[in-house]
Amino acid sequence: MSIRPHYRTVVLSDIHLGTSHSKVNQVSDFLSSVDCDRLILNGDIIDGWSLKKSGVRKWKPEHTRFFKILMKMMENFGTEIIYVRGNHDDFLDSLIPLQFANLHLVKDYILESNGKHYFVTHGDVFDKITSGMKWLAKLGDIGYTLLLEMNSFYNKYRLKRGKPYYSLSQAIKQKVKQAVNYISDFENVLVEFARNRKCEGVICGHIHHPENRMVDGIHYLNSGDWVETLSALTEDEEGKWEVLFYTEAMKRKEAENEEKDSVLSLISVAS
């Protein structure tokens, strides 16, 4: 008998369904292991850019399973799902705004939590490259895909030698000055916008860099991605936010189930 942790809010972004690097099985396992009142899909869930290039052959049964899990969450647990459109799923623009049962399709969203207001956006509209030079953004997307291919081969080599996974793209983001400045500028622009909107916080994705910290008095939250970091944002019943990584979530699930089995064993012995 499994124990499912309950959250007030879960935020996922940048799953990139339709690409070969999407960790769709892991994100589906994660969603199957938790309950939440509200699930925010904060952009780039479906990768329309990839599907446009490769066609439906990139759509696999595990992608359909992901959406079946969403439907089950809405039907069985009454979960409210807010789907915020991103740049890779901009094909949804013609449908926005749309509400169907517990599903809301929007461009952005204001989340109220414990008296605080969070501006929720994928973040691409605050990225000068993505919003102003789409051709350059797509060129960068090709470069990122090639980097992921290189990363895959490199980590197969490391795995054979018993070494842990190493992310080339994350290393570049942390060490290359231009990448560091890009992330910093992105955060500062979003924080200032949230302040102008009279919000105490901002929740975004887009740059595949999970974060939970205060920036100049504004609570900045980034949900990361399900290509490399495999991360989500969670809000508990007290309004506390956390960046939760897939590996940690699965460890917690295993520990909780072991505890539950121990309790059931003691009850069985006592009876």
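Residues numbered from 1 in each chain as written. Predicted model: local features only at pLDDT ≥ 70, side-chain atom pairs only at ≥ 80, totals over all residues. Heavy atoms only, no water.

Novice: Sorry, what's going on with the sheet that holds strand E2 (residues 35-42) here?
Specialist: Strand pairing in a sheet relies on backbone hydrogen bonds, with the paired strands running either antiparallel or parallel. Spatially, 7 strands are ordered E4-E5-E3-E2-E1-E11-E12 in an open sheet, and the strand pairing comes out mixed. Because the sheet does not close on itself, it has two edges, and the strands there are strand E4 (98-100) and strand E12 (241-245). Recorded for the sheet is a direction-independent mean angle of 20 degrees between the axes of neighbouring strands. By the bridge criterion, 5 bridges tie E2 to strand E3 (residues 80-84) in an arrangement that is parallel. Looking across to E3, one finds that Leu 39 is bridged to Ile 81. Set on the sheet, helix H1 (residues 24-32) makes contact with strand E1 (6-12), E2, strand E11 (231-235) and E12; between it and E1 the angle comes to about 160 degrees. Helix-sheet contacts for helix H3 (residues 61-77) involve E2, E3 and strand E5 (103-106), and the interaxial angle to E2 is about 140 degrees. (Pairing = 2+ DSSP bridges. Helix = DSSP H or I, 4+ residues; strand = E, 2+ residues; numbered from the N terminus. Axes fitted to C-alpha atoms, helices over the stretch in contact; angles between N-to-C directions. Contact = heavy atoms within 4.5 Å.)

Novice: I tried to follow H3 on my own but got confused; where do I start?
Specialist: Structurally, the α-helix is built with 3.6 residues per turn, so residues lying three or four positions apart point the same way. End to end, H3 covers 24 Å across 17 residues, agreeing with the expected 24 Å (1.5 Å per residue, within 8%). Taken residue by residue, H3 has His 63, Phe 66, Ile 69, Leu 70 and Met 73 as its buried positions. Looking straight down H3, one finds its buried side chains confined to an arc of 110 degrees; they lie on one side. Across from the buried face of H3, at angles greater than 90 degrees, the exposed residues are Pro 61, Lys 68, Met 71, Lys 72 and Glu 75. In the core, the buried residues of H3 are packed alongside H1, E2 and E3. Backbone geometry just downstream of H3 places Gly 78 in the positive-phi region, at approximately 70 degrees. (Expected span 1.5 Å × (residues − 1). Buried < 20%, exposed > 50% of the residue type's maximum accessible area, 1.4 Å probe, protein only. Arc of directions from axis to C-beta.)

Novice: I keep staring at the pattern of salt bridges and nothing clicks. Help me out?
Specialist: When the charged atoms of two side chains with opposite charge come close together, those side chains can pair. Throughout the structure, instances matching the rule amount to 11 salt bridges. Between Arg 8 and Glu 235 there is a salt bridge; the shortest N-O distance is 3.2 Å. Residue Arg 8 is found in strand E1, and its partner Glu 235 is found in strand E11; the two are separated by 227 residues along the sequence. Using a relative accessible area of 0% as the deciding quantity, one classes Glu 235 as buried. Its salt-bridge partner being Arg 85, residue Asp 93 comes within 2.7 Å of it at the nearest N-O pair. By relative accessible area, which is 30% here, Asp 93 ends up partly exposed. Connected through shared salt-bridge partners, Arg 85, Asp 93 and Asp 124 make up one network. (Salt bridge = Lys/Arg side-chain N within 4 Å of Asp/Glu carboxyl O.)

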